[in-house]
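Commentary on secondary and tertiary structure
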Amino acid sequence: MKKSQSDRILQFIKEHGSITRLQAANEIGAFELSARIVELERQGYTFLKEPIKVKNRYGDTVRIMRYSLFGD
């Protein structure tokens, strides 16, 4: 049975501790991370949502969200 993007995101977080939008796109092929997080929250998971600063390809500092499981 094929795993859903939500299942793959959950597995990635459990293995790596957290996930960002860029990681979700590059590692899983999931381009709507926030929508998948909402799906997982509806299943009962709780996430810590931490804004972090990273450099974009132009060297500008931008803020993105890093998601990790809360309580695990």
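Quick caveat: nothing in here was measured; it's all calculated off a predicted structure.

The subject of this paragraph is the overall build of the protein. The secondary structure content of the protein amounts to three helices and three strands. Along its sequence from the N terminus, the protein presents helices and strands in the succession α-β-α-α-β-β. By the compact-globule yardstick of 11 Å for 72 residues, the protein fits well, its C-alpha radius of gyration being 12 Å. In the protein, buried positions account for 31% of the 72 residues. Residue pairs in contact within the protein that sit at least 24 positions apart in sequence constitute 39% of those at least 6 positions apart. If you sum the accessible surface of the protein, you get close to 5300 Å²; carbon and sulfur atoms cover 47% of it. The distance from the centre of the 13 positive side-chain charges to the centre of the 9 negative ones in the protein is 4 Å.

What counts as what
Residues numbered from 1 in each chain as written. Predicted model: local features only at pLDDT ≥ 70, side-chain atom pairs only at ≥ 80, totals over all residues. Heavy atoms only, no water. Helix = DSSP H or I, 4+ residues; strand = E, 2+ residues; numbered from the N terminus. Rg over C-alpha atoms; globule rule 2.2 N^0.38 Å. Buried < 20%, exposed > 50% of the residue type's maximum accessible area, 1.4 Å probe, protein only. Contact = heavy atoms within 4.5 Å. Areas by Shrake-Rupley, 256 points an atom, 1.4 Å probe, with all protein chains shown as cover. Lys, Arg positive; Asp, Glu negative; His and termini not counted. Charge placed at Lys NZ, Arg CZ, Asp CG, Glu CD.

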